[in-house]
Amino acid sequence: MSVDPNKIKAVFLKAIEQCEPGKWHDFLAAACEGDAILQRRVEVLLEAHMGEDSLFDAQVFEAFSTVDQPPLEKPGSQIGPYKLLQQIGEGGMGTVFLAEQHEPVQRKVALKVIKPGMDTRQVIARFDAERQALSLMDHPNIAKVLDAGTTDYGRPYFVMELVKGQPITKYCDEHQLTTRQRLELFVSACHAIQHAHQKGIIHRDIKPSNVLVAEYDDRPVCKVIDFGVAKALNQPLTEKSMFTGLGQILGTLEYMSPEQAKVNQLDIDTRSDVYSLGVLLYELLTGTTPFNKQRLGSAAWDEMLRIIREEEPPKPSTRLSDSQDSLPSISASRHTEPAKLTKLVRGELDWIVMKALEKDRGRRYETANGFAMDIQRYLSDEPVQACPPSKLYRFRKFARKHKAVVGTASAALLILLLGIAGLAVSNSLIRNEQTKTMALADQLKARADELKLVSDFQAGMLKQVDPTAAGMLLTADVQAKLAAALAKANVPEAERTQRLGVFTAEWKNVNATDAARELIDRTILRPAVEAIDKQFADQPLIDAQLRQVLADRYWDLGLLDAALRLQERALATRRRILGDEHPETLNSINHLCTLLWGQDKLNEAEAYCREAIQKCRNVLGEEHVETLDAINNMGLVLQAQGKLVDAEKYFRDVVEKSRHVLGADHPDTLEKINNLGTLLLDQSKLSEAEPYFREVLAKRQRVLGDQHIRTVNSTNNLGVLLKNQGKLNEAEPYLREALVMYRRVLGEEHPTTLVAIHNMGTLLLFQGKLGEAEPYFRETVEQFRRVLGAEHSNTLNSIGTLGNFLRQQGKLSEAEPYCREAVETGRRVYGDENPLTLRSIRNLGTLLFAQGRMDEAESCFKEAVEKSRRALGAEHSETLNNIMALGMLLQAKGMCEESVELLDPIVAISRKTFVLGNLFRLARLLTILGKAHLGLREFTNAEANLLQAQAIFEKSPSPEPSLARDCIQALVELYTAWNAAEPSKGYDVKAVEWKAKLDDISQPATESVPENQQTDQANKK
């Protein structure tokens, strides 16, 4: 229970005014009204007042002081040779000013002067102690003391070097330092505190605002400041008394060690600073302190101290896992994905931090230097000294807390032990266990040595290079990045200079991101592969890990063949050494699935996917991230195979589990939601896909930023969706923005950029801008052939689109080779029932129909209808498009009855399937059906069909005017024929009206181009 300090003060002052010293018992009993805690607090103060130092000179009374004197120094004042420029800080005792010195040197400094009203003997002693403490130390990470003196008013001041820095936590967050970079910076702070300890000084108030980071020569450097509550160990810091008063707590609560959280801090040593450093590291890793300010601030004073002294904080990884709402922002400020951040912290970093935060200081690191050395071991992939508390230690703590329960259990255990004493473990078994333990230790040591080599190599040759940002490198300091990478890889200076010279010379001639990508490959990645071959021939697991890293880099560059070779070798090595079910082997299988899917090697990819799913579920469980990736990859492969119903089951399953396991805003969850949206788009479920695409775009913009490549993917996908909905003007800015970003970031020849170019051409076609669209279509065919090869699905899709485009322009002979190539390659590579092949068959039939080759066209259409019904289902949009094409041909051949029988049953289905922007396809169906009824002289049915179609065309304009014109032409023919049959009904007037509308429309081509839309379906690597 806490007591109001003002009440303590009021009773205390009345006691010393009204009572003789030592005779205040009766007075206090009455004044405190039975409040025993209040009475005891006042008695402590009165006893201290009777001591050698008057309480009015003691620090304890400063907590109750309400005197607020105005500062005597302010900007513009002169203190000795220093002119005060502005106030830059304020602590409990002093005010810090930016000051300027002119003699004997000219420089800016930080000047700290004691506050007015704080010049009691205790405060002056403590202030003087800080000055003396700083003057003892000479370390690059501790602010230097330059001068000291007293003001004209007799108050002490001292002058320090000016540190133009930020608190270490703020600097790390604003500069998005990775966990490794934060640890490296933190180690230097530990070294500074170790130097202070060696000088006999305990800081006692380590917190972010006292560990500043400033940049020197573009390198972040820690500077520890503010030894204002420092405590001398082996020597007096000042001739004045340095007394910590009764009841006074020094330090900052969130960073305070358990031994500091006591009323009398009489037993503080260097391990108190080790604890505070542990709190600081906890915050650098998780974004919050072990006991946050809100929790402590809401508790009573005694409860706050009890929490610090007794409660065990959660491990850093646990805190991150529990911070689902803030984890994306925490991870972003550490330049890491949320799942990877939690995984990175779990284990050794948890152990290191929790060792520093031990309540029992005997279990903490003995020194700040020991703390720093363990972090350095972690950074070097060596075994760390920290480890989780033993079961015995945890039992002892439990026993102390629950003595009665443990006592009863111990008696029962003793009886049990007596009963089985004859079954003691034999010496041979003990020796076997010792042998196993030693072997395990040797394995761990060998593994640690391997990981150190991996770390050194990756840092030097790989991690400094981000191929996904190849386009951005055009405006970045590319030369500096390469120089840093080569230096960190310990490349000899002569070779480094030579390679930098080659790079610089060739960079001057780089005018496109594609050339930059090739240069990065030749200058950095290929030498990295050569280095792996030379350096790690006898280290197969390191070889495998590095080849997988490089495979990811090549994937990012769009160089899929090189990526596949590296990944296949990495997997083979891990299978041979680790076995088929080791987590690292399963990770390699998932990576290989992705690469094979990207190259359209779908049958191979499916086999690996099924293996990965089965083994991940058995070994890692249903909700492990590796299992989720395997399920996602299976969905991608099935979708590419045209098995859309099966793919949807996998995507919905993985989205649900990812939301639960990773959180709704996690980048991997968003990726899987995006994939589900893309599948729904492929199924023409446009209204169902839209909310997924909009959700992913909004969250990626917030979590990853507008220019992240995944955000650009979402921008592109939403543009494609809007285009397919017929919202062409709304789609255009999305598609243009995506194309600009892809060209800049990935380059002109990256497969994803080519997809975006294709999408832009399709939009222009739908807008009727045929002259603008044609260069886009021709470019994508040429580039896809060269980059992905003639058999890739994107290549075939672009070939089919160009063939249709040429047919629409009446260039039938030029179109035919493209249409036939798409069919022949599709049959050979993907099979007859793949959606891409079926679309190509329909496209060829449409061309043959335009050429008047009716029987050949009919054969194509019938095959497309039969196989799409079987492979995709009767209600799939592609199936309906194929039926419509066959019905159109039958009607044109005069087989109107057969056409009606074929088309009439799908009208109701089409009303559900062809929604939003696809309504023009429903209108197209009604037009064909109306013309078939007209051929049968069923005028009433024909009129109903054609007028419905015309109404749809007016409300939802077709991307091709030819479709609306065909409908109006049919209305003219209908009313002309109807008037001839029934001249008295006046249908001739209607025929004239529709003929006038027909004359207003320019002559079009005969048939619309199929959608052939492409989205960028982001996938997990």
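Just so it is clear, the model here is predicted, and its values are computed rather than measured.

Some points on the overall build of the protein
(1) Moving on: Secondary structure summary: the protein contains 44 helices and eleven strands in total.
(2) Moving on: The 1021 residues of the protein split such that 54% are buried.
(3) Moving on: For the protein, restricting intrachain contacts to residue pairs at least 6 apart in sequence, the fraction spanning at least 24 positions comes to 65%.
(4) Moving on: As displayed, the protein has an accessible area near 45,200 Å², and 52% of this comes from carbon and sulfur atoms.

Focus on the environment of S323
(1) Moving on: Within the secondary structure, S323 is located in the loop between α11 (316–321) and α12 (327–332).
(2) Moving on: Between the alpha carbons of S323 and T286 there is a distance of 9.1 Å; along the sequence they are 37 residues apart.

Some words on the nonpolar core
(1) Moving on: Core analysis: the largest hydrophobic core is formed by 149 residues, its most contacted members being L721, M760, L903, F953, L974 and Y975.
(2) Moving on: The greatest single-element share of this core, amounting to ten residues, is contributed by helix α43 (residues 961–981).
(3) Moving on: Once residues lying within four places of it in the same chain are set aside, the contact partners of L721 are L681, L686, A689, E690 and F693.
(4) Moving on: Within the second largest apolar cluster, 62 residues are counted, among which are A189, Y275, L285 and M304.

A look at the pairing of strand β4 (residues 107–114)
(1) Moving on: Of all the eight residues making up β4, six are buried; the element is thus mostly covered by neighbouring parts of the structure.
(2) Moving on: Relative to β4, strand β3 (residues 94–101) is paired through eight bridges, and the arrangement is antiparallel. Across the sheet, residue Q101 finds its bridge partner in β4, namely R107.
(3) Moving on: Hairpin connection from β3 to β4: five residues lie between these consecutive antiparallel strands.
(4) Moving on: Pairing of β4 with strand β6 (residues 156–161) involves five bridges; the strand directions are antiparallel. What sits directly across from V113, in β6, is Y157.

Structural notes on the sheet that holds strand β1 (residues 78–79)
(1) Moving on: With antiparallel pairing, the six strands of this open sheet are ordered in space as β1-β2-β3-β4-β6-β5. Edge strands, defined here as strands with exactly one partner in the open sheet, are β1 and β5 (145–150).

Notes on the packing of helix α37 (residues 854–872) against helix α38 (residues 877–892)
(1) Moving on: Relative orientation of the contacting elements α37 and α38 amounts to 155 degrees, with a least axis distance of 9 Å. In terms of their interaxial angle, α37 and α38 are classed as roughly antiparallel. You can see that α37 and α38 cross each other, and the crossing is left-handed. Taking contact as the criterion, the partners of M854, A857, E858, F861, K862, A864, V865, S868, R869 and L872 in α37 are, on α38, E878, T879, N882, I883, A885, L886, L889 and L890.
(2) Moving on: For the contact of α37 with α38, a count of residues per class yields eleven nonpolar, three polar and four charged.

About the thresholds
- Residues numbered from 1 in each chain as written.
- Predicted model: local features only at pLDDT ≥ 70, side-chain atom pairs only at ≥ 80, totals over all residues.
- Heavy atoms only, no water.
- Helix = DSSP H or I, 4+ residues; strand = E, 2+ residues; numbered from the N terminus.
- Buried < 20%, exposed > 50% of the residue type's maximum accessible area, 1.4 Å probe, protein only.
- Contact = heavy atoms within 4.5 Å.
- Areas by Shrake-Rupley, 256 points an atom, 1.4 Å probe, with all protein chains shown as cover.
- Core = buried A, V, L, I, M, F, W, Y, C linked by side-chain atoms within 4.5 Å.
- Pairing = 2+ DSSP bridges.
- Axes fitted to C-alpha atoms, helices over the stretch in contact; angles between N-to-C directions.
- Parallel < 35°, antiparallel > 145°, perpendicular 65-115°, else oblique.
- Left-handed = near helix turned anticlockwise from the far one by under 90°.
- Nonpolar A, V, L, I, M, F, W, Y, C, P; charged D, E, K, R; others polar.

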